[in-house]
Amino acid sequence: MANVTVDEDQQWLLNCLSATLDPNQEVRSFAEASLNQASLQPGFGRGLSKVAANRDLPFGLRQLAAVLLKHFIKKHWHEGDESFEHPAVSSDEKAVIRGLLLSTLDDSNRKLCTAISMAIASIAVYDWPESWPDLLPFLLKLIGDQSDMNGVHGALRCLALLAGDLDDTMIPTLIPFLFPCLYTIVSSSQAETSALMEPMLKPWIDQFSFILEHPVQPEDPDDWGIRMEVFKCLNQFVQNFHSFTESEFMVIVGPLWQTFISSLRVYTRSAIEGTEDPYEGRYDSDGAEKSLDSFVIQLFEFLLTIVGSKKLVKVVETNIADLVYYTIGFLQVTEQQVHTWSMDANQFVADEDDATYSCRVSGSLLLEEVATCFGREGIDAILKAVRKQFSESQQEKAGGSVVWWRIREATLFALSSLSEQLLEAEVPGLGNLLEQMITEDMGIGVHEYPFLYARMFVSVARFSSMISCGILEHFLQAAIRTIGINVPPAVKVGACRALSQLLNEANKSVIQPQIMGLLSSLTDLLHQASDETLHLVLETLQAAIRAGHESSASAEPIISPIILNMWALHVSDPFVSIDAIEVLEAIKDAPGCIRPLASRILPYLGPILNKPQQQPDGLVAGSLDLLTMLLKNAPTDVVKAAYDVCFDAIIRIVLQSDDHSEMQNATECLASFVSGGRQEVLAWGSDSGFTMRNLLDAASRLLDPDLESSGSLFVGSYILQLILHLPSQMAQHIRDLIVALVRRMQSASIAGLKSSLLFIFARLVHMSSPNVEQFINLLITIPAEGYQNAFVYVMSEWTKQQGEIQGAYQIKVTASALALLLSTRHAELTNINVQGHLIKSVAGITTRSKAKSAPDQWTMVPLPAKILAVLADALIEIQEQVWDAKDEDSDWEEIHEGDMEAEKDLLYSAAATPFGRSANEHLEAMAKAYNEDQEDDYEDDMLSVSDPLNERSILQINLANYLMDFILKFSQSDQQLFDYLCQSLTRAQQNAIKIVLNR
């Protein structure tokens with residue numbers, strides 16, 4: 001492109017850009033502020049584009065301009081975007097920017113091309129194809145011009161970035177135009193004849209087969225890179241071309257297997273043994289990794305796609321045993337990992353948590369997919385491969401090999417990665433195999449084979465239910481000893497993992513005598529831990545404290561100050577601070593510990609909360625979090641002590657703070673005070689009326705419609721506690737409360753906040769029973785902006801949001817409340833129309849601009865019909881839970897494995913079709929499944945625990961039985977109305993109701 005003329009405005013921009021790179025902080029800050037101000041003026045984006053396009057300017061300035069332009073586009077290009085900030089870029093300026101960016105794609109500097117491509121991709125998300133139809137033709141033209149390789153590279157880089165933003169409906173549209181150009185690049189000498197003689201896919205497959213049929217070569221990153229690109233393209237074939245048949249794919253199977261087997265040989269020498277260069281951590285000029293590890297990961301990703309494809313899985317079915325056997329070979333610890341993990345325990349923990357991109361993780365994912373897709377056949381293949389690898393490792397060990405332990409560790413790693421599936425399958429002989437593998441190595445040297453010893457600890461914990469008590473006790477005792485002695489860090493990591501899982505189920509008489517020593521050793525280990533290992537040690541310490549129970553009281557004076565200090569040091573780190581609070585909670589729950597713990601925490605928190613403005617970032621919010629933990633299920637005297645020290649300060653934080661984290665945590669604290677103190681909380685202050693006004697003032701601010709939704713996020717729980725525990729005081733404010741709830745709901749931008757406020761309305765419905773009509777009448781008298789009244793608004797939102805409400809208790813309360821409302825048959829119900837079904841939009845690609853111009857359209861249905869539909873959906877969800885939990889030999893399972901197109905209809909037509917169980921049996925299973933599903937929710941849900949009404953009527957509600965009884969009675973009481981309402985239901989909803997009616 002011709003160089004761009006530098007005018008006065010451009011010179012000012014260049015000076016500012018240069019100043020942002022100045023070593024003087026003041027100069028940089030002034031320049032950045034100037035650029036921020038300039039970004040609000042027309043022409044700023046055009047100016048940045050001109051700088052990026054001017055090839056006479058230094059590379060650094062051009063790249064900086066391109067990067068700033070990308071951020072500018074994110075903020076100012078599209079008004080419908082979440083990150084949009086005014087002003088918007090004008091249409092004329094957009095056209096100039098798009099043209100300048102495209103003209104710069106053939107720049108010789110590849111880093112600049114990448115920056116330009118990122119800016120183009122950012123625009124394409126909004127503009128392509130409607131507002132930028134010439135983008136793709138321009139890129140394809142660049143790719144097709146082999147005389148300008150800079151242009152080819154720039155266009156390919158841009159397409160690669162664009163592909164990340166394309167959905168599966170766009171890719172098939174793009175590929176027919178793109179592939180011929182790409183194929184020319186891959187095989188230019190044969191392109192013309194192949195393109196004429198063969199269908200589009202065939203020359204690609206032939207070319208790929210040619211590339212893959214040769215054995216993988218060591219120390220050849222260029223070869224690995226080409227194969228990686230082949231795997232990426234094949235992945236696209238399998239995922240996006242439904243016409244890609246098994247017979248067409250067979251052409252690639254032999255070459256693919258050759259690549260797979262030969263790559264393991266190279267990987268063994270290069271990565272595992274470390275005798276050849278694996279090119280670890282090396283990148284090409286585009287920033288793409290070109291290591292052997294990244295190549296193997298891409299290979300596994302493609303194999304994962306094949307195994308997960310119903311159409312192509314048959315291709316590998318006959319070789320599944322070999323596929324698994326060689327995959328386990330790739331899972332061996334590499335020489336680089338041995339070095340890294342020996343030096344850095346944190347990295348070992350991080351890698352073990354599957355938080356990293358590695359060959360071991362990718363290989364284990366492939367094994368999981370084999371077990372999932374092939375079922376018992378896949379699991380049997382995995383166990384067969386494990387036995388074979390174990391036998392070979394025995395031979396290696398007997399032969400004096402120094403690396404025999406690697407494949408042994410890999411087999412245990414493979415089994416541990418599949419522990420959930422293997423335990424669920426209840427495979428005969430697995431326990432004996434594990435015990436054989438583990439007992440053979442129980443006497444190995446910890447220092448000689450630290451990673452194998454660590455893997456044994458983890459494996460015993462993962463499969464504790466299948467291992468004999470004697471072996472479990474041996475490893476539990478060994479883990480306890482390991483924490484306190486000098487062993488390699490990896491072994492301590494394995495011991496911690498074992499203890500955190502085994503202590504809870506351990507024989508108390510065996511571990512009680514050792515608990516104090518273990519607590520002491522773990523406390524010492526805390527001082528050596530950091531980052532990832534700190535999380536693990538804290539998790540283990542928590543398990544030890546809970547296992548110690550009564551014994552933990554003796555350790556409280558020692559452990560609590562240490563953990564409190566650690567919490568204070570890491571209060572800005574959410575992971576460590578949460579772990580520390582959970583350890584303190586375990587201490588609190590131990591007999592006799594809550595009062596001494598409170599006496600340590602409260603004097604520390606008081607000064608922080610009373611002077612929040614003087615505290616470092618995060619300390620106030622963290623302190624409120626800590627206090628909430630202390631208040632949870634605390635005896636009244638502890639709540640009172642906390643009230644005396646902190647209550648007034650927390651009220652002030654709610655009323656004055658602008659920090660959303662502080663407001664959220666302070667709201668939870670107030671809810672805990674009300675829940676724990678109940679009526680007594682009003683008597684603790686000098687003036688009960690003043691305390692109540694404070695509580696109401698806090699509620700008023702949190703319900704302020706002008707407050708950002710994040711600050712109000714937990715107001716629902718707080719308001720509910722006020723209603724439940726201070727009912728006589730709140731009764732006189734109920735109308736004002738509903739007005740505030742409606743206004744807050746209407747301005748809420750967070751779905752979770754809206755759902756929590758709807759829950760309050762549901763709770764009020766229950767509290768008004770059996771006079772629900774009076775509550776409806778009250779809502780009708782309250783205005784709601786844009787709606788006839790508050791009842792119309794609340795029901796419109798409630799019926800839209802019901803499917804998004806989370807938690808068994810919350811679903812139970814809201815669903816049963818809807819049933820109560822419908823049962824009133826209030827005249828106002830039939831006068832309200834609410835959102836019904838989504839009307840399918842016009843076929844085609846849905847872009848952001850199209851979605852804005854043609855938003856989703858919905859049918860409108862009468863409120864009673866919508867409520868019945870919502871209740872039917874609740875039944876459907878419970879039915880699906882039954883289906884998920886049913887026995888493998890059930891007739892329902894046979895249905896599920898049949899025609900997937902008829903799946904939904906079959907599920908709900910049980911009443912009309914004999915499935916081997918009666919409708920009554922199925923309904924009983926539904927009720928049982930729902931009860932089992934909600935047990936865990938009750939244990940941790942403060943709403944249900946502290947709800948006095950829940951202790952009576954709601955707690956007895958089994959939602960499945962409740963809904964079935966309601967539907968039956970409702971249909972019997974007014975058959976004509978019921979039949980009318982059912983007409984608007986979907987077929988699935990009608991069938992769910994038929995099951996109930998035909999029982």
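Rules and cut-offs
Residues numbered from 1 in each chain as written. Predicted model: local features only at pLDDT ≥ 70, side-chain atom pairs only at ≥ 80, totals over all residues. Heavy atoms only, no water. Helix = DSSP H or I, 4+ residues; strand = E, 2+ residues; numbered from the N terminus. Buried < 20%, exposed > 50% of the residue type's maximum accessible area, 1.4 Å probe, protein only. Salt bridge = Lys/Arg side-chain N within 4 Å of Asp/Glu carboxyl O. Phe/Tyr/Trp six-rings, centres within 6.5 Å; stacked < 30°, edge-to-face > 60°. Lys NZ or Arg CZ within 6 Å of the ring centre and 35° of its normal. Core = buried A, V, L, I, M, F, W, Y, C linked by side-chain atoms within 4.5 Å. Contact = heavy atoms within 4.5 Å. Polar contact = N/O pair within 3.5 Å; in protein donor to acceptor, adjacent residues only side chain to side chain. Axes fitted to C-alpha atoms, helices over the stretch in contact; angles between N-to-C directions. Parallel < 35°, antiparallel > 145°, perpendicular 65-115°, else oblique. Left-handed = near helix turned anticlockwise from the far one by under 90°. Nonpolar A, V, L, I, M, F, W, Y, C, P; charged D, E, K, R; others polar. pLDDT = per-residue confidence, 0-100. Expected span 1.5 Å × (residues − 1). Arc of directions from axis to C-beta.

Undergrad: Provide a residue-level description of the overall build of the chain, including the pertinent values.
TA: Within the chain, the regular secondary structure consists of 51 helices and two strands. With 999 residues in all, the chain has 52% of them scored as buried.

Undergrad: Any chance you could break down the pattern of salt bridges for me, citing the residues and the numbers?
TA: Enumeration according to the criterion identifies 24 salt bridges in this entry. Salt-bridge contacts for Arg-455 lead to Glu-352; the nearest nitrogen and oxygen are separated by 2.7 Å. Here Glu-352 lies in helix 18 (residues 345–352) and Arg-455 lies in helix 23 (residues 450–462), a separation of 103 residues in the sequence. Neither Arg-455 nor Glu-352 differs from the other in exposure class; each is buried. A salt bridge links Arg-546 to Asp-589; the nearest nitrogen and oxygen atoms lie 3.2 Å apart. One end of the pair, Arg-546, is in helix 27 (residues 531–548); the other, Asp-589, is in helix 29 (residues 574–589), and 43 residues separate them in sequence. With a relative accessible area of 37%, Arg-546 lands in the partly exposed category. Each of Arg-55, Arg-62, Asp-106 and Asp-107 takes part in a single network of salt bridges with overlapping partners.

Undergrad: An account of the packing of aromatic side chains is requested, with residue identities and associated values reported.
TA: What describes a pair of aromatic rings is the distance from one ring centre to the other and the angle between the planes of the rings. Going through the model one piece at a time under the given rule, you end up with 28 aromatic pairs. Judged by centre distance (5.5 Å) and plane angle (65°), the rings of Tyr-453 and Phe-457 are edge-to-face. Residue Tyr-453 and its partner Phe-457 are located together in helix 23, separated by four residues, close to a single helical turn. By the burial criterion, Tyr-453 is buried, and Phe-457 matches it. Ring-pair connections join several aromatic residues into one group, and the members of that group are Trp-257, Phe-260, Tyr-267, Phe-300, Tyr-325, Tyr-326 and Phe-330. The lysine or arginine in question, Arg-98, covers the ring of Trp-132, its NZ or CZ lying 5.8 Å from the ring centre.

Undergrad: Explain the nonpolar core to me, using residue names and the numbers behind them.
TA: Of all hydrophobic cores here, the largest spans 261 residues; its most connected members are Leu-627, Ile-650, Tyr-718, Ile-719, Phe-761 and Trp-798. Top element by residues in this core is helix 19 (residues 359–398). It accounts for 13 residues. Excluding residues that lie within four positions of it along the chain, Leu-627 makes contacts with Leu-602, Leu-605, Leu-609, Ala-642, Cys-646, Ile-650, Cys-669 and Phe-673. Ranked by size, the runner-up nonpolar core spans 44 residues in total, among them Val-51, Ile-73, Ala-124 and Cys-158.

Undergrad: I'd like to hear about the side chain of Thr-533, residue by residue, with values.
TA: Mapped onto the elements of the fold, Thr-533 is located in helix 27. Only 2.7 Å separates the side chain of Thr-533 from the backbone oxygen of Ser-530, close enough to count as a polar contact. Sequence-distant contacts of Thr-533, that is, excluding residues within four places in its chain, are made with Ala-345, Asn-346 and Val-349.

Undergrad: Residue-level account of the packing of helix 37 (residues 734–747) against helix 39 (residues 772–780), with values.
TA: At a closest axis distance of 11 Å, the pairing of helix 37 and helix 39 adopts a crossing angle of 60°. Between helix 37 and helix 39, the angle is such that the two are oblique. Judged by the sense of rotation from one axis to the other, the crossing of helix 37 with helix 39 is right-handed. Residues Ile-734, Arg-735 and Ile-738 of helix 37 touch helix 39, and the partners they reach there are Phe-775, Leu-778 and Leu-779. Considered class by class, the residues forming the contact of helix 37 with helix 39 number five nonpolar, no polar and one charged.

Undergrad: Now, about unusual backbone geometry: what can you tell me, with residues and values included?
TA: Here the amide bond leading from His-86 into Pro-87 is cis, since omega sits at 5°, within 30 degrees of zero. Mapped onto the secondary structure, Pro-87 falls in the loop between helix 4 (59–76) and helix 5 (91–103). Of note, the bond from Ser-769 into Pro-770 is cis; its omega dihedral lies within 30 degrees of zero at 10°. Of note, Pro-770 is situated in the loop between helix 38 (751–768) and helix 39. Positive phi is not limited to glycine here, since Asp-531 has a value of about 50°. Residue position: Asp-531 is located in helix 27. Given the relative accessible area of 57%, Asp-531 is considered exposed. Positive phi outside glycine occurs at Arg-825, with the angle close to 50°.

Undergrad: Run through the confidence of the model for the chain, naming residues and quoting values.
TA: With 84% of its residues at a pLDDT of at least 70, the chain reaches an overall mean of 84. Low pLDDT, under 50, characterises residues 948–952; the stretch is placed with 12 contacts to residues that sit more than four places away or in other chains.

Undergrad: Tell me what's going on with helix 49 (residues 959–973), and back it up with residues and numbers.
TA: If you check helix 49, its first and last C-alpha atoms are 21 Å apart, about what 15 residues at 1.5 Å a residue would give, namely 21 Å. Residues of helix 49 that are buried include every one of Leu-959, Ala-960, Leu-963, Met-964, Phe-966, Ile-967, Phe-970 and Ser-971, and no others. Relative to the axis of helix 49, the buried residues are bounded by an arc of 160° and lie together on one face. What points out from helix 49, more than 90 degrees from its buried face, is the exposed set Lys-969 and Gln-972.

Undergrad: Outline the side chain of Thr-104, supporting the account with residue identities and numerical values.
TA: The residue Thr-104 is located in the loop between helix 5 and helix 6 (110–127) in this model. With near-sequence residues (within four places) excluded, Thr-104 lies in contact with Ala-52, Ala-53, Arg-55, Arg-62, Cys-113 and Ile-116.

Undergrad: I'd like a rundown of the environment of Val-349, residues and numbers included.
TA: Within the fold, Val-349 resides in helix 18. Relative accessible area serves as the criterion here: at 1%, Val-349 is assigned to the buried category. Separated by 183 residues in sequence, Val-349 and Glu-532 have C-alpha atoms that sit 6.1 Å apart. Every residue in contact with Val-349, bar those within four places of it in the chain, is listed here: Val-493, Arg-497, Glu-532, Thr-533 and Leu-536.

Undergrad: Let's hear about the environment of Ala-543: which residues, and what values?
TA: Mapped onto the secondary structure, Ala-543 falls in helix 27. A C-alpha to C-alpha distance of 9.9 Å links Ala-543 and Cys-496, two positions 47 residues apart in sequence. Sequence-distant contacts of Ala-543, defined by excluding residues within four places in its chain, comprise Leu-499, Ser-500 and Leu-503.

Undergrad: Hey, could you go over the packing of helix 27 against helix 29 for me, with residue numbers and the actual values?
TA: The contact between helix 27 and helix 29 brings their axes to 9 Å, and the two run at 10°. Between helix 27 and helix 29, the interaxial angle falls into the category roughly parallel. Within the contact between the two elements, helix 27 uses Leu-534, His-535, Leu-538, Leu-541, Gln-542, Ile-545 and Arg-546 and helix 29 uses Val-576, Asp-579, Ala-580, Glu-582, Val-583, Glu-585, Ala-586, Ile-587 and Asp-589. Across the contact of helix 27 with helix 29, the residue classes tally to nine nonpolar, two polar and five charged.

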